[in-house]
Amino acid sequence: MRILTCPAHLQRLEAALRSSLPRALPVYGAVLNINRGNPGDFEVAVDAWPNFGAVLARRRGEAPLNDSYRNLCSAFYRDVGAYRALLESPGCLRWDSAFHIFGLQDGVLTVSQDIALAKGVELEVTEYYTYLHPDPSTLPEPQLDPDVQLGTLSPAHVELLDSTWPYGGNVWSRRYLGELLRRFPHLCLQDPAGNLLGWVLSDGFAAGAHGYTVPAQRRRGLMRALTIMAARRAHGRGFPVYGHTATDNRAMQRLQEELGHRRLPGMCRFVLHNPTLARAAPGAPPGRNA
């Protein structure tokens, strides 16, 4: 295993990953952020350099063993054997901690299953559709009512964001959302009194993250406008316009398809290792997933 720190190597990795899109999207997005100031304090581990066969993108430094939000990794491989070797490398992962690995390739799940079986580690898998817009310059102009305006999210909004996020409800989720607000682009809409109507966040992998419209404000086209504006901003910064959508979220699937996003083949799988430990996050209600 090798951690890439040389700027020239990271630029070379970015170019290599670009040639492997869209399969490499989750790692490519992280490397884009690393090469543009590294706001998320990420790093990338490879099995070898320069002829790498597998890459893992993750936050730098130590995290609490039960913090599966900070212990979040994206993966891409050219060779599944190299990927397995990377995950089994000493110091690559703490298999006694709660951590996620996600990616767009089948081996992301099967390698974790094989290693977890040997180590006696429990797994929990969540599948998403991944949508990518092939040409955001073709998106229509966003349409907003006169009483709706762009606003700004602040740390004071973290509790609201956490309470409306299906994966929230504990200390680590609130810290994670607060970090997204401080480190990565986001958008929100407000009424003239400053009340939040809806928002979209992005994460360290350059993907669209928590998006939400206040129930009383739905069917006004607010999420459509937010999706268009967020996509245009990401495209303007040279980032891909993509995100992961729950398989039962038909409303968001329809919206993205109407706007020209394409659903990638297969599934994006988030593999949570040691989910029982993750549920022990401070402040998590009994039985709620962390």
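Residues numbered from 1 in each chain as written. Predicted model: local features only at pLDDT ≥ 70, side-chain atom pairs only at ≥ 80, totals over all residues. Heavy atoms only, no water.

## Some points on the layout of surface pockets
With a probe scaled to a water molecule rolled over the atoms, the places where space remains empty come into view. What the second largest pocket holds in volume is close to 350 Å³. Considering the residues around the second largest pocket, the lining is formed by 18 residues, among which Arg 58, Gly 61, Asn 71, Cys 92 and Arg 94 are closest to the centre. Those elements that place two or more of their residues in the lining of the second largest pocket are β3 (54–59) and β4 (72–77). A per-class count over the lining of the second largest pocket returns seven nonpolar, four polar and seven charged. (1 Å grid on protein atoms, 1.4 Å probe; cavity = no way out; pocket = protein on both sides within 12 Å on 5 of 7 lines; lining within 4 Å. Points joined across faces, edges and corners; volume = space filled by probe spheres on them. Helix = DSSP H or I, 4+ residues; strand = E, 2+ residues; numbered from the N terminus. Nonpolar A, V, L, I, M, F, W, Y, C, P; charged D, E, K, R; others polar.)

## What about the packing of aromatic side chains?
Given two aromatic rings, their pairing is described by the distance between the two centres and the angle made by the two planes. On inspection of all chains with the given rule, the structure shows 12 aromatic pairs. Arranged with centres 5.9 Å apart and planes meeting at 35°, the rings of Tyr 69 and Tyr 176 form a pair that is tilted. Of this pair, Tyr 69 sits in the loop between β3 and β4 while Tyr 176 sits in helix α6 (residues 171–183), and the two are 107 residues apart along the sequence. For Tyr 176, a relative accessible area of 15% gives the class buried. (Phe/Tyr/Trp six-rings, centres within 6.5 Å; stacked < 30°, edge-to-face > 60°. Buried < 20%, exposed > 50% of the residue type's maximum accessible area, 1.4 Å probe, protein only.)

## Observations regarding the pairing of β4
For β4, a buried count of six out of six residues is recorded, marking the element as mostly surrounded by other parts of the structure. Residues of β4 alternate between two faces, with Leu 72, Ser 74 and Phe 76 on one and Cys 73, Ala 75 and Tyr 77 on the opposite face, all of them buried. Pairing analysis gives four bridges linking β3 to β4, with the strands arranged antiparallel. Following the sheet pairing, Ala 57 is matched in β4 by Ser 74. Across three bridges, the pairing between β4 and strand β5 (residues 99–103) is parallel. Along β5, the bridge assignment pairs Cys 73 with Ile 101. (Pairing = 2+ DSSP bridges.)

## Side note on empty space enclosed by the protein
As enumerated under the stated definition, the model contains two cavities of 30 Å³ or more in all. Space inside the largest cavity adds up to approximately 110 Å³. What lines the largest cavity is a set of 14 residues, and nearest its centre among them are Phe 42, Arg 59, Tyr 176, Leu 180 and Gly 204. Top contributing element to the lining of the largest cavity by residue count: α6, with four residues. Tallied by class, the residues present in the lining of the largest cavity amount to seven nonpolar, two polar and five charged. A volume near 40 Å³ is recorded for the second largest cavity. In terms of lining, the second largest cavity is formed by Arg 59, Asp 67, Tyr 69, Arg 70, Trp 172, Arg 175, Tyr 176 and Glu 179. When residues in the lining of the second largest cavity are grouped by element, the largest group, four residues, is from α6. Partitioning the lining of the second largest cavity into residue classes produces three nonpolar, no polar and five charged.

## Re unusual backbone geometry
Cis geometry marks the peptide bond from Leu 21 to Pro 22, where omega comes out at 5°. In this structure, Pro 50 follows Trp 49 across a cis peptide bond, with omega equal to 5°. Counting through the fold element by element, Pro 50 comes out in the loop between β2 (42–46) and β3. The backbone of Asp 41 shows a phi angle near 55°, a positive value even though the residue is not glycine. Its location among the elements puts Asp 41 in the loop between α2 (25–34) and β2. The backbone phi angle of Ala 206 is positive, close to 65°, even though this residue is not glycine. Checked against the element boundaries, Ala 206 lands in the loop between β9 (196–202) and β10 (208–213).

## Quick word on the nonpolar core
In this structure, Leu 13, Leu 17, Val 44, Leu 153, Trp 199, Leu 201 and Phe 205 are the most contacted members of the largest nonpolar core, which totals 68 residues. With eight residues, the top contributor of residues to this core is helix α7 (residues 222–236). Here Val 44 is in contact with Arg 2, Ile 3, Leu 4, Leu 10, Leu 13, Val 31, Ile 34, Val 55, Leu 56 and Ala 57, once residues within four sequence places are set aside. One finds Ala 75, Trp 95, Val 111 and Val 121 within the second-largest nonpolar core, a separate group that totals 20 residues. (Core = buried A, V, L, I, M, F, W, Y, C linked by side-chain atoms within 4.5 Å. Contact = heavy atoms within 4.5 Å.)

## Quick notes on the packing of helix α3 (residues 80–87) against helix α4 (residues 106–119)
One way to put it is that α3 packs onto α4 with a least axis distance of 10 Å and a crossing angle of 50°. Considering their axes alone, α3 and α4 lie oblique with respect to each other. Pair α3 / α4 crosses with right-handed handedness. Along its contact with α3, which presents Val 80, Tyr 83, Arg 84 and Leu 87, the element α4 presents Gly 107, Val 108, Val 111, Ser 112, Asp 114 and Ile 115. Split by residue class, the contact of α3 with α4 holds six nonpolar, two polar and two charged. (Axes fitted to C-alpha atoms, helices over the stretch in contact; angles between N-to-C directions. Parallel < 35°, antiparallel > 145°, perpendicular 65-115°, else oblique. Left-handed = near helix turned anticlockwise from the far one by under 90°.)

## Things to note about a positive patch on the surface
A cluster of basic side chains, namely Arg 219, Arg 250, Arg 254 and Arg 263, defines a positive patch on the protein surface. Assignment of secondary structure puts Arg 250 in helix α8 (residues 250–258). The class for Arg 250 is partly exposed, based on a relative accessible area of 39%. (Patch = residues over 30% accessible without salt bridge, like charges linked within 9 Å, V, L, I, M, F, W, Y side chains within 5 Å. Areas by Shrake-Rupley, 256 points an atom, 1.4 Å probe, with all protein chains shown as cover. Salt bridge = Lys/Arg side-chain N within 4 Å of Asp/Glu carboxyl O. Lys, Arg positive; Asp, Glu negative; His and termini not counted. Charge placed at Lys NZ, Arg CZ, Asp CG, Glu CD.)

Remember, this is a structural readout, not a statement about activity or role.
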